[in-house]
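# Per-entry structural report
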Amino acid sequence: SSNLASTPEPNSASIVLSTTSKNYKVSDIVPVLVEVATGGHSVSSLDLILKFDPAYLSATSSAAASDGVFQQYSSPVIDNKIGTIGISGISGGVFNGSGSFATINFIAKTVGETKIIVDFAPGVSSDSNMLDGSTDILENVNDVIVRIQ
């Protein structure tokens, strides 16, 4: 499977992760692009939780979310001990379509291959979700593999 961007399915509510390069070196910044598609739904808010291996990556607080499709973003909540980062976006109305949700910057720590995972299970409200009113309509997520050389 490719590391580079894949376009979210326009007919399903999805979160897709991608990186700007196939390979990184130790101490490189690894920008992870988070693309969203609403699958025809009108979305009022989105909660994103990513899981990563803290042996390979650490998340930085400079998660650039202000360039995304939502009007307001929470400050990222980062735990580099267990390997999680959470960020929320509120549309200030409704958002329908697809686009960039955020770019989250990680730092490569050691040589190897690791995966950044969107924490998601259908029907679970404590993980990543995309809300149409009070209904979680998120259907598909795409994780990304990071290679550090």
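Preceding block: the structure.
Report follows, based on the coordinates.

How each quantity is defined
- Residues numbered from 1 in each chain as written.
- Predicted model: local features only at pLDDT ≥ 70, side-chain atom pairs only at ≥ 80, totals over all residues.
- Heavy atoms only, no water.
- Buried < 20%, exposed > 50% of the residue type's maximum accessible area, 1.4 Å probe, protein only.
- Phe/Tyr/Trp six-rings, centres within 6.5 Å; stacked < 30°, edge-to-face > 60°.
- Helix = DSSP H or I, 4+ residues; strand = E, 2+ residues; numbered from the N terminus.
- Pairing = 2+ DSSP bridges.
- Axes fitted to C-alpha atoms, helices over the stretch in contact; angles between N-to-C directions.

Let us look at unusual backbone geometry. Although it is not a glycine, Ser27 sits at a positive phi angle of roughly 80°. For Ser27, a relative accessible area of 57% translates into the label exposed.

This model, assessed by the stated rule, comprises 5 aromatic pairs. Centroid distance Phe70 to Phe101: 5.6 Å. Interplanar angle 80°. Geometry classified as edge-to-face. Of this pair, Phe70 sits in the loop between strand E5 (57–59) and strand E6 (72–73) while Phe101 sits in strand E9 (residues 98–108); the two residues are 31 residues apart in sequence, bridging distant segments of the chain. Since its relative accessible area comes to 0%, Phe101 is described here as buried. Following the ring pairs from residue to residue traces out a cluster consisting of Phe70, Tyr73, Phe95 and Phe101.

Taking strand neighbours across the sheet as the criterion, the 5 strands line up as E5-E9-E3-E1-E13 in an open arrangement whose pairing is mixed. Edge positions in the sheet fall to E5 and strand E13 (140–142), since each has one partner strand and no second. Between one strand axis and the next, the sheet turns through 25° on average, direction left out of account. Where E5 lies against E9, 3 bridges are found, and the strand directions are antiparallel. The residue bridging Leu57 from the neighbouring strand is Ala108, located in E9.

This part takes up the pairing of strand E8 (residues 84–95). Side-chain direction in a regular strand flips from residue to residue, so the side chains alternate between the two faces of the sheet. Note that strand E4 (residues 43–51) and E8 share 8 bridges and pair antiparallel. Counted as the bridge partner of Asp47 is Ser88 from E8. Both E6 and E8 contribute to a ladder of 2 bridges, which runs antiparallel. Bridge pairing links Tyr73 to Gly89 in E8. Adjacent in sequence and paired antiparallel, strand E7 (residues 77–79) and E8 are bridged by 4 residues, among which Gly83 carries a positive phi angle near 85°.

Our next topic: the pairing of strand E14 (residues 144–148). A large share of E14 lies buried, amounting to 4 of its 5 residues. As paired strands, strand E10 (residues 112–118) and E14 are joined by 5 bridges and run antiparallel to one another. Paired with Glu113 across the strands is Arg147, a residue of E14.

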